[in-house]
Amino acid sequence: MFVRRLVALACTALVCSGAAAGPCKPSSTETSSTTETTSAAATSTTSSAPVCDDTNFIQNPSFEDGLTSWTKFGDGRVASNNGDVVAQDGVSYFIESLTEGSFKSVRQQVAGLDAAKSYKLTVHIALGTNQDFGQGSCSLYISANSADLGEPVRLAPGPISQYQVVERTFTPQSTGAFLRFTITSTGLVTAVDALVDNISLTELTRLRATLEAIANKAQRNNVRIVIDAEQSWYQPVIDTLFEEFMQKYNTLDGPATCIASFQAYLRRHPQLLDQRIHRAEGKGYELLFKQVETNASFDPGVEKALAAIADQIKKAGHPKLGVIIATDNSTSIDLGIQLLRKYGFGAPYSCG
């Protein structure tokens, strides 16, 4: 008899090893690499980048042709290298000058996408000469078709033209997407210059292929895999891919292979859990997931999952849902034990 083994994979390793490469154009500009935060990060100078064939769906990505293919809201403009204020790529960049209580944006309608695939969006942002604003009072918002992609990026005063790499992933609902990059200023802002440059939108082909190969081999070897995506910028695309893999590798007539991770600290967690439970029941596959991170939605999520399992057993004699409860919070642990008893999965015991 085969022993079911459990393998946990860190998606960070997949991304860092090239599973989801970003822009392919070489750059010699000093760049600070971050995702959703503007805190200090290691700075390095890169003389070249790997050459690849990824298609960038953004037209005029570095504003070398002015505002061709772009529209703007406000008085932002395309400027050229001038003293310390320089582009991240090429010689041009988009600059927005803001005062207190203002917002400005640059936008592009992207075509040729595939609603069945996932994409990685990358944008470089920096500050110019004017940086007279308080901490946390200036932010970058990124949206696709009016839906925010991740949390806003809080800007902070720092070296001129030190670009941050901001990355998001999403799965479009159609073949087109209206992308918008908005800078807002609130609170103590006298004057701030924000620079936007070198924007790319590429398909996550290698990440998908890598995960597919892992899931396929795991199924052949009777191994279960857990995907932990601990960074919010690519959590949505991992959720989307793994739901697809569960439909393929977690069929009800055989052993289930894929276990997703649901991060309870994300605001979308309650809705995501409801959606995934109903979708698994409707499409006929076994939903397995690990719920992690303790916050206000963690305990209700545990009860919702256990209640669904109990209901499935009552109706069909067996569950189509499995959950790993991962927490080091003693209150949540005690509640989990109580809920197991409540729904008939455990009984009081004595160590005496």
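Going by what an unreviewed UniProt entry lists, the protein chain is known as Proline dehydrogenase and is assigned to Neonectria ditissima. Per UniProt, the protein chain carries the Function (unreviewed entry) text "Converts proline to delta-1-pyrroline-5-carboxylate." Listed under Catalytic activity (unreviewed entry) in UniProt, the entry text for the protein chain is "L-proline + a quinone = (S)-1-pyrroline-5-carboxylate + a quinol + H(+)".

1. Structural notes on a nonpolar patch on the surface
There is a patch of nonpolar side chains on the surface, built from Ile313, Leu340 and Phe345 and spanning about 210 Å² of accessible area. With respect to the secondary-structure elements, Leu340 resides in helix 6 (residues 330–342). Look at Leu340 and you get partly exposed, because its relative accessible area is 32%.

2. Some points on the packing of aromatic side chains
Two numbers describe a pair of aromatic rings. These are the distance of the centres and the angle of the planes. In total, this model carries eight aromatic pairs according to the counting rule given. For the ring pair Phe262 and Phe289, a centre distance of 4.8 Å and an interplane angle of 20° mean the geometry is stacked. You can see Phe262 sitting in strand 16 (residues 258–263) and its partner Phe289 sitting in strand 17 (residues 287–292), a full 27 residues away along the chain. Per residue, the accessibility class of Phe262 equals that of Phe289, and both read buried. One aromatic cluster in this structure is built from Phe63, Trp70, Phe94 and Phe181.

3. As for the packing of helix 4 (residues 269–283) against helix 5 (residues 298–316)
One can describe the packing of helix 4 onto helix 5 by two numbers: an axis separation of 10 Å at closest approach and a directional angle of 15°. In terms of their interaxial angle, helix 4 and helix 5 are classed as roughly parallel. Both helix 4 and helix 5 take part in a crossing whose hand is right-handed. Facing His269, Pro270, Leu273, Asp274, Ile277 and Glu281 of helix 4, the residues of helix 5 in contact are Gly301, Lys304, Ala308 and Gln312. Counted by class, the contact of helix 4 with helix 5 contains four nonpolar, three polar and three charged residues.

4. Examining the confidence of the model for the protein chain
Overall, the predicted model of the protein chain reaches an average pLDDT of 81, with 82% of residues at or above 70. In the predicted structure, residues 1–53 sits below a pLDDT of 50 and forms 124 contacts with residues beyond four places in sequence or in another chain.

5. Quick notes on the pairing of strand 13 (residues 177–185)
Burial analysis of strand 13 places seven of its nine residues in the buried class, which makes it a mostly covered element. Where strand 9 (residues 138–144) meets strand 13, seven bridges bridge the pair, whose relative direction is antiparallel. In the strand pairing of strand 13, Tyr141 is matched with Thr182.

6. Some thoughts on the nonpolar core
Grouped together as the largest cluster of nonpolar side chains are 35 residues, with contacts concentrated most on Cys258, Leu287 and Phe289. For this core, the elements supplying multiple residues, two or more each, are helix 2 (205–220), strand 15 (223–228), helix 3 (235–249), strand 16, helix 4, strand 17 and helix 5. Among the elements that line this core, the one with the most residues is helix 3, at seven residues. Residues Ile142, Ala177, Ala194 and Val196 belong to the second largest nonpolar core, which totals 34 residues.

7. Points about helix 4
Under the 1.5 Å per step criterion, the end-to-end length of helix 4 is 21 Å for 15 residues, consistent within 8% with the ideal 21 Å. Within helix 4, the full set of buried residues consists of His269, Leu272, Leu273, Arg276, Ile277 and Ala280. Angular distribution of buried residues about the axis of helix 4 spans 130°; they occupy a single face of the element. Helix 4 presents Gln271, His278 and Gly282 as exposed residues on the side facing more than 90 degrees away from its buried surface. As for helix 4, its buried residues are in contact with helix 3, strand 16, strand 17, helix 5 and strand 18 (321–326).

8. What about the side chain of Glu167?
You can see Glu167 is positioned in strand 12 (residues 163–170). Within the local environment of Glu167, its side chain forms a polar contact with the side chain of Lys120, the two groups lying 2.9 Å apart.

9. A short note on unusual backbone geometry
Even without being glycine, Ser69 reaches a positive phi, approximately 75°. According to the relative accessible area criterion, Ser69 is partly exposed, its value standing at 41%. Phi at Asn145 is positive, roughly 55°, even though this residue is not glycine. In this structure Asn145 comes out as partly exposed when scored by relative accessible area, which is 41%.

What counts, and at which threshold
Residues numbered from 1 in each chain as written. Predicted model: local features only at pLDDT ≥ 70, side-chain atom pairs only at ≥ 80, totals over all residues. Heavy atoms only, no water. UniProt positions renumbered as here; feature names shortened; annotations may be inferred. Patch = residues over 30% accessible without salt bridge, like charges linked within 9 Å, V, L, I, M, F, W, Y side chains within 5 Å. Areas by Shrake-Rupley, 256 points an atom, 1.4 Å probe, with all protein chains shown as cover. Salt bridge = Lys/Arg side-chain N within 4 Å of Asp/Glu carboxyl O. Helix = DSSP H or I, 4+ residues; strand = E, 2+ residues; numbered from the N terminus. Buried < 20%, exposed > 50% of the residue type's maximum accessible area, 1.4 Å probe, protein only. Phe/Tyr/Trp six-rings, centres within 6.5 Å; stacked < 30°, edge-to-face > 60°. Axes fitted to C-alpha atoms, helices over the stretch in contact; angles between N-to-C directions. Parallel < 35°, antiparallel > 145°, perpendicular 65-115°, else oblique. Left-handed = near helix turned anticlockwise from the far one by under 90°. Contact = heavy atoms within 4.5 Å. Nonpolar A, V, L, I, M, F, W, Y, C, P; charged D, E, K, R; others polar. pLDDT = per-residue confidence, 0-100. Pairing = 2+ DSSP bridges. Core = buried A, V, L, I, M, F, W, Y, C linked by side-chain atoms within 4.5 Å. Expected span 1.5 Å × (residues − 1). Arc of directions from axis to C-beta. Polar contact = N/O pair within 3.5 Å; in protein donor to acceptor, adjacent residues only side chain to side chain.

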